[in-house]
Amino acid sequence: MISPRLGWPLPRVFAHRCGGALAPENTLAGLRIAARLGLRAVEFDVMLSADGTPWLIHDETLERTTNGFGRVCESADTRLRVVDAGVCRHPAFAGELLPTLASAASLCRQLGLRVNVEMKPAAGFEALTGEVVARQVRRLWATGELPLVSSFSETALAAARAAVPELPLGCLHQRPPVDWLVRVRELAAWSLHCAPTSVDDDLLRTASAAGIPLLCYTVNDPLTAAALFQRGVAAVFSDRIDCLGENQPRMIET
Ligand code: G3P
Ligand code: MG
């Protein structure tokens, strides 16, 4: 299977979890800050509620990042709609609501932000998450450029691929396994995302020869980012979008 093209120039820096460290993670406030700082692309995490709605949240439970409690996959939309996703980070962000994928998509389109949607399926919901998120991404970005959709879950990626064959996919491996290329090809994925500590010459050579962009998370030091770009890493996800200012898009062949 031929890997679908991303169709847009890949910026060097993606704001991690919407606004990096400058806003509560996975919030609309973060998207606004990223856009204000001139970022061209953002990454955020998406998980299904009990009603099967994709919401922006990293953890399977609400406690760390919101004033709610319990499991996201067991929470109805009516509950998620009223939790405060800002107050845990800083009082200045109190009242910041948990965004749905639909509301984040609308704001990203308005702000001209390119998007990497990272699917974070709760255990047992991998295939459903892949299918629902892929279909919703296709609908929300019906016109214009499709986001890059990534996941650590190959089950979610395979379901997304089956639901929307043209979706650009990214395989996430903190440390890519020895057969990572086979896995990327099986999913017809577009990119490989890994930790910067996993980048070695062999990985760079193999990815480059296969035409697979390598993206690294999470890179917060400008010197580390510069060294990674120098070695051939295509882009980084960063929490320090205030100091990783290299926001010029870099055209890469897709
Ligand atoms: O998608 C890159 C990165 O966000 C993966 O790690 O745990 O921050 O979602 P995490
Ligand atoms: Mg993420």
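This text follows the structure it describes.
Cut-offs and rules
Residues numbered from 1 in each chain as written. Chains lettered and ligands numbered in written order. Predicted model: local features only at pLDDT ≥ 70, side-chain atom pairs only at ≥ 80, totals over all residues. Heavy atoms only, no water. Axes fitted to C-alpha atoms, helices over the stretch in contact; angles between N-to-C directions. Helix = DSSP H or I, 4+ residues; strand = E, 2+ residues; numbered from the N terminus. Parallel < 35°, antiparallel > 145°, perpendicular 65-115°, else oblique. Left-handed = near helix turned anticlockwise from the far one by under 90°. Contact = heavy atoms within 4.5 Å. Nonpolar A, V, L, I, M, F, W, Y, C, P; charged D, E, K, R; others polar. Salt bridge = Lys/Arg side-chain N within 4 Å of Asp/Glu carboxyl O. Buried < 20%, exposed > 50% of the residue type's maximum accessible area, 1.4 Å probe, protein only. Donors = N, O, S within 2.8 Å, 3.2 Å for Na, K, Ca; no water. Expected span 1.5 Å × (residues − 1). Right-handed = clockwise from strand over helix to strand, strands pointing away. Near = heavy atom within 4 Å. Polar contact = N/O pair within 3.5 Å; in protein donor to acceptor, adjacent residues only side chain to side chain. Areas by Shrake-Rupley, 256 points an atom, 1.4 Å probe, with all protein chains shown as cover.

**Brief notes about the packing of helix 1 (residues 28–36) against helix 3 (residues 101–111)**
Working step 1: With their axes 10 Å apart at the nearest point, helix 1 and helix 3 run at an angle of 15° to one another. When the axis of helix 1 is compared with that of helix 3, the two are roughly parallel. Judged by the twist between their axes, the crossing of helix 1 over helix 3 is right-handed. Residues Leu28, Leu31, Arg32 and Ala35 of helix 1 form the contact with helix 3, whose own contacting residues are Ser103, Ala104, Leu107, Cys108 and Leu111.
Working step 2: Grouping the constituent residues of the contact of helix 1 with helix 3 by class yields 7 nonpolar, 1 polar and 1 charged.

**Focus on the pattern of salt bridges**
Working step 1: Across all of its chains, the model carries 14 salt bridges by this definition.
Working step 2: When the shortest N-O distance is used, the salt bridge between Glu166 and Arg138 registers 2.8 Å. With Glu166 in the loop between helix 5 (154–163) and strand 7 (169–172) and Arg138 in helix 4 (residues 126–140), this pair connects stretches of sequence that are 28 residues apart.
Working step 3: Take Glu166: its relative accessible area is 36%, and that puts it in the partly exposed class.
Working step 4: Here Arg138 falls in the partly exposed class, since its relative accessible area comes to 25%.
Working step 5: Of the charged contacts in the structure, one is a salt bridge between Glu154 and Arg183, with a shortest N-O distance of 3.1 Å. Of this pair, Glu154 sits in helix 5 while Arg183 sits in helix 6 (residues 180–186), placing them 29 residues apart in sequence.
Working step 6: Note on Arg183: relative accessible area 26%, which makes it partly exposed.
Working step 7: In this structure, a network of salt bridges that share partners links the residues Arg17, Glu25, Asp45, Asp59 and Arg64.

**Details of unusual backbone geometry**
Working step 1: The amide bond that connects Tyr217 to the next residue, Thr218, takes the cis arrangement and shows omega of -20°.
Working step 2: With respect to the element layout, Thr218 can be found in the loop between strand 9 (214–216) and helix 8 (222–231).
Working step 3: Although it is not a glycine, Asn26 sits at a positive phi angle of roughly 55°.
Working step 4: Locating Asn26 in the fold gives a position in the loop between strand 2 (13–15) and helix 1.
Working step 5: Judged by its relative accessible area of 1%, Asn26 is buried.

**Description of the coordination of the magnesium ion (ligand 2)**
A metal bound by six donors in octahedral fashion has ideal angles of 90 or 180 degrees, whereas one bound by four tetrahedral donors has an ideal angle of 109.5 degrees.
Working step 1: Here the magnesium ion (ligand 2) is held by Glu43 (OE), Asp45 (OD) and Glu118 (OE), and the distances to it run 2.0 to 2.1 Å.
Working step 2: Counting residues between consecutive donors of the magnesium ion (ligand 2) along the chain gives the motif E-x1-D-x72-E. Pair noted here: Glu43 is in strand 3 (residues 41–48) and Glu118 is in strand 5 (residues 114–119), with a separation of 75 residues, a long-range link.

**Quick notes on the environment of Ala234**
Working step 1: Looking at the element boundaries, Ala234 is found in the loop between helix 8 and strand 10 (235–238).
Working step 2: Among the residues examined, Ala234 registers a relative accessible area of 5% and is labelled buried.
Working step 3: For the pair Ala234 and Val13, spaced 221 residues apart in the sequence, the C-alpha separation amounts to 9.1 Å.

**Notes on helix 4**
In an α-helix there are 3.6 residues to a turn, and that puts residues three or four apart on one side.
Working step 1: Compared with the 21 Å implied by 1.5 Å per residue over 15 residues, the 21 Å span of helix 4 between its first and last C-alpha is a close match.
Working step 2: Residues of helix 4 that are buried: Thr129, Gly130, Val133, Ala134, Gln136 and Val137.
Working step 3: Buried residues along helix 4 sit against strand 3, strand 4 (54–56), helix 3, strand 5, strand 6 (148–151) and helix 5.

**A short note on the pairing of strand 7**
Working step 1: The alternating pattern of strand 7 places Leu169 and Cys171 on one face and Gly170 and Leu172 on the opposite face, and all of these are buried.
Working step 2: In terms of handedness, the path from strand 6 via helix 5 over to strand 7 forms a crossover that is right-handed.
Working step 3: Note that the unit made of strand 7, helix 6 and strand 8 (residues 191–194) has a crossover that is right-handed.

**Quick notes on the site of ligand 1**
Working step 1: His16, Arg17, Glu43, Asp45, His58, Glu118, Lys120, Phe152, Leu172 and Tyr217 make up every residue found near ligand 1.
Working step 2: The contact in question runs from an oxygen atom of ligand 1 to an N or O atom on the side chain of Asp45, over 3.1 Å.
Working step 3: Within the contact set of ligand 1, an oxygen atom lies 2.7 Å away from a side-chain nitrogen or oxygen of His58.
Working step 4: Protein chains bury 91% of the 290 Å² of accessible surface belonging to ligand 1 in isolation.
Working step 5: Taken together, the residues of the shell around ligand 1 sort by class into 3 nonpolar, 2 polar and 5 charged.

Structural measurements only, silent on function.
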